[in-house]
Amino acid sequence: MSLQGREACFLPLVLDELPDSLKEKAKIELCETEEAVRDGLQKMKKLIKEKSVLTCTDDNFLMMFLRSKKFNVSKAFEQLKSYSYQRHVWMNYYGFIFADKVMPAIHNNICGILPKRDQEGRAIIFFRACKYSPDICEPDNVLRALQLLIHFALKFPATQVSGVALISDAKVESLHTLQLAFRYVKVSLPSLHALPARFQSVNIINTNVFVRTCFAIVRHLIPSKLVGRVTFHGSNENALLEDFDASLLPTEFGGTMGSLENVPKDYYIKKVEEFIPILHASNHYFKRKDTVPFPDS
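All values reported here derive from a predicted model rather than from experimental measurement.

About the thresholds
- Residues numbered from 1 in each chain as written.
- Predicted model: local features only at pLDDT ≥ 70, side-chain atom pairs only at ≥ 80, totals over all residues.
- Heavy atoms only, no water.
- pLDDT = per-residue confidence, 0-100.
- Helix = DSSP H or I, 4+ residues; strand = E, 2+ residues; numbered from the N terminus.
- Contact = heavy atoms within 4.5 Å.
- Buried < 20%, exposed > 50% of the residue type's maximum accessible area, 1.4 Å probe, protein only.
- Polar contact = N/O pair within 3.5 Å; in protein donor to acceptor, adjacent residues only side chain to side chain.
- Pairing = 2+ DSSP bridges.
- Right-handed = clockwise from strand over helix to strand, strands pointing away.
- Axes fitted to C-alpha atoms, helices over the stretch in contact; angles between N-to-C directions.
- 1 Å grid on protein atoms, 1.4 Å probe; cavity = no way out; pocket = protein on both sides within 12 Å on 5 of 7 lines; lining within 4 Å.
- Points joined across faces, edges and corners; volume = space filled by probe spheres on them.
- Nonpolar A, V, L, I, M, F, W, Y, C, P; charged D, E, K, R; others polar.

Participant: Sorry, what's going on with the confidence of the model for the chain here?
Facilitator: In regions of low pLDDT, the predicted coordinates are not meant to be interpreted in detail. Here the chain averages 89 in pLDDT, and 95% of its residues register 70 or above. Per-element confidence in the chain ranges from a low mean pLDDT of 74 for helix α10 (residues 209–218) to a high of 98 for helix α2 (residues 34–51). Throughout residues 1–7 the model reports pLDDT below 50, and contacts reaching past four residues in sequence, or to other chains, amount to 15 contacts.

Next comes the structure, spelled out in structure tokens:
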């Protein structure tokens, strides 16, 4: 059902505290109670110590995994182990996330996060490989920018509870677009299961037979639950309005927010830049002896 005409007050992206509506949502959908939080954190820390997992044990960090798995401690711990291993394996990505490398991809709207959360409280992240050019940055720095944005969104309890809605533009405008897309498939898709993110919807626009065929080939790399949440849209500019209010979307996605080129990024750019050294500093939790070397600053 279209959302147009529905009166709604959409939550902002930057939301440090859970509003009452999302507290109730967490209780109903995730079985989150004070007891579940207390016991879940205690059991997670006990397992981390017993299994000698190299990871962060901060409560806010562990809550991402507990919420992701609806406070099923065994599943949350298994995901935490996978995440810890991925951070080790891909240290060459996480270890080189620096503002001068990744921010050009965000400033040029290759990827980014929209100002408001959708009607479910989900953070809306977009990825437009078609806008990539090697004059902007290297392909790997776009992937680093995406990792940065997902981790930034996940630091907010509202995102942990409500999840993420991803919009991806599959238009192919150059060989550089294909280069970036294939790099994304090779590097990012296999690690999706380890991210403590509830990907509630994935909307792929401007699809064609080639895109659908490629998806059929790589779908085995994507968690089966997520495959069922992928929706393909053609070039219909109003396709996303069945799932998103027009006011939430830029004109590039059929909305009324205005062009991405003109939408101010003040609502999150500074906070993302401030988050970069925090994410970079967290690498020390996941380093093994055979971890590739990377700069400390």
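Here the narrative resumes, following the displayed structure.
Participant: It is not clear to me how the side chain of Ser-282 should be interpreted in this structure. Could you clarify?
Facilitator: Relative to the assigned elements, Ser-282 resides in the segment after α12 (269–281). A relative accessible area of 16% means that Ser-282 is categorised as buried. Looking at Ser-282, its side chain comes within polar contact range of the main-chain oxygen of Leu-279, at 2.5 Å.

Participant: Looking at this model, I keep getting lost on the pairing of strand β3 (residues 164–169). Mind explaining?
Facilitator: The side chains of a regular strand alternate, first on one face of the sheet and then on the other. Burial within β3 is extensive, with 6 of its 6 residues counted as buried. Burial along β3 is two-sided: Val-164, Leu-166 and Ser-168 and Ala-165, Ile-167 and Asp-169, pointing in opposite directions, are all buried. In terms of strand pairing, strand β2 (residues 123–128) meets β3 through 6 bridges, oriented parallel. Along β3, the bridge assignment pairs Arg-128 with Asp-169. Each parallel crossover has a hand, and for β3 linked through helix α9 (residues 175–187) to strand β4 (residues 199–205) it is right-handed.

Participant: Is there a simple way to think about the sheet that holds β2 in this case?
Facilitator: Within a beta sheet, neighbouring strands are joined by backbone hydrogen bonds and run either parallel or antiparallel to one another. One open sheet holds the 5 strands; their spatial order is β1-β2-β3-β4-β5, and the pairing between them is mixed. Edge positions in the sheet fall to β1 (111–113) and β5 (230–232), since each of these pairs with one other strand and no more. The average angle at which neighbouring strand axes cross in this sheet is 15°, direction not considered. Relative to β2, β1 runs antiparallel, the two sharing 3 bridges. Note on β2: the bridge partner recorded for Ile-113 is Ile-125. Along the sheet face, helix α7 (residues 139–154) touches β1, β2 and β4 and points at about 10° away from the line of β1.

Participant: I'm lost on empty space enclosed by the protein in this one. Help?
Facilitator: Left-over empty space is what a probe sized like a water molecule reveals as it rolls over the atoms. By the definition in use, this model includes 2 cavities of 30 Å³ or more. Estimated volume of the largest cavity: approximately 100 Å³. Every residue lining the largest cavity is listed: Tyr-83, Gln-86, Arg-87, Trp-90, Tyr-93, Tyr-94, Gln-147, Val-187, Ser-191, Ala-194 and Leu-195. Within the residue set of the lining of the largest cavity, elements represented by two or more residues are α4 (73–89) and α5 (91–94). Broken down by element, the lining of the largest cavity gets its largest block of residues, 3 residues, from α4. Here the lining of the largest cavity is composed, by residue class, of 7 nonpolar, 3 polar and 1 charged. Roughly 50 Å³ of volume is contained in the second largest cavity. Along its surface, the second largest cavity is lined by Asn-109, Ile-113, Phe-126, Leu-260, Val-263, Lys-265, Tyr-267 and Tyr-268.

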